[in-house]
Amino acid sequence: MKKHLIILFLLVLASLPVEAQCAMCRAVLESEEGQETAKGINDGIIYLMAIPYILVGAIGFLIYKKFNKAKKSKA
């Protein structure tokens, strides 16, 4: 278990900032003087992309917890 936490910690530290815009959005937003709208759109895309991963992780954790509880009760 400790090994998994160390690997997870290293992966979080190794993450790089990304620009998650499609080509059309980038072309339209780069023509703007201030880049505030582009930053807002990019943040929104990242937020929408993260939600499914968080939900799948939470469901996976609950399933793991349920099966781990079942193994302890059998022993």
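Residues numbered from 1 in each chain as written. Predicted model: local features only at pLDDT ≥ 70, side-chain atom pairs only at ≥ 80, totals over all residues. Heavy atoms only, no water.

S.K.: Sorry, what's going on with the overall build of the protein here?
M.R.: Across its full length, the protein holds three helices and zero strands. Tracing the protein from N to C terminus, the helices and strands come up as α-α-α. Each of the 75 residues in the protein was classed as buried or not, and the buried ones make up 5%. For the protein, the computed accessible surface area is about 7,100 Å², with 73% contributed by carbon and sulfur atoms. (Helix = DSSP H or I, 4+ residues; strand = E, 2+ residues; numbered from the N terminus. Buried < 20%, exposed > 50% of the residue type's maximum accessible area, 1.4 Å probe, protein only. Areas by Shrake-Rupley, 256 points an atom, 1.4 Å probe, with all protein chains shown as cover.)

S.K.: In this structure, what is going on with a nonpolar patch on the surface? I would like to understand it.
M.R.: Together, Tyr47, Leu48, Ile51, Ile54 and Leu55 line one region of the surface with nonpolar side chains, adding up to about 540 Å² of accessible area. Among the secondary structure elements, leucine 48 is positioned in helix 3 (residues 36–74). (Patch = residues over 30% accessible without salt bridge, like charges linked within 9 Å, V, L, I, M, F, W, Y side chains within 5 Å. Salt bridge = Lys/Arg side-chain N within 4 Å of Asp/Glu carboxyl O.)

S.K.: What is the right way to look at helix 1 (residues 2–13) in this model?
M.R.: Helical geometry note: an α-helix holds 3.6 residues per turn, so side chains three or four residues apart project in the same direction. A rise of 1.5 Å per residue sets the reference length of helix 1, with its twelve residues, at 16 Å; its end C-alpha atoms lie 17 Å apart and thus fit the reference within 8%. In terms of burial, helix 1 is a largely surface element, zero of the twelve residues being buried. (Expected span 1.5 Å × (residues − 1).)

S.K.: Would you mind showing me how to read the confidence of the model for the protein here?
M.R.: Low pLDDT means the predicted coordinates in that region are not meant to be read closely. Scored by pLDDT, the protein comes out at a mean of 80, with 88% of its residues at no less than 70. At the level of individual helices and strands, the protein shows its lowest average pLDDT in helix 2 (residues 23–30), which scores 71, and its highest in helix 3, which scores 86. (pLDDT = per-residue confidence, 0-100.)

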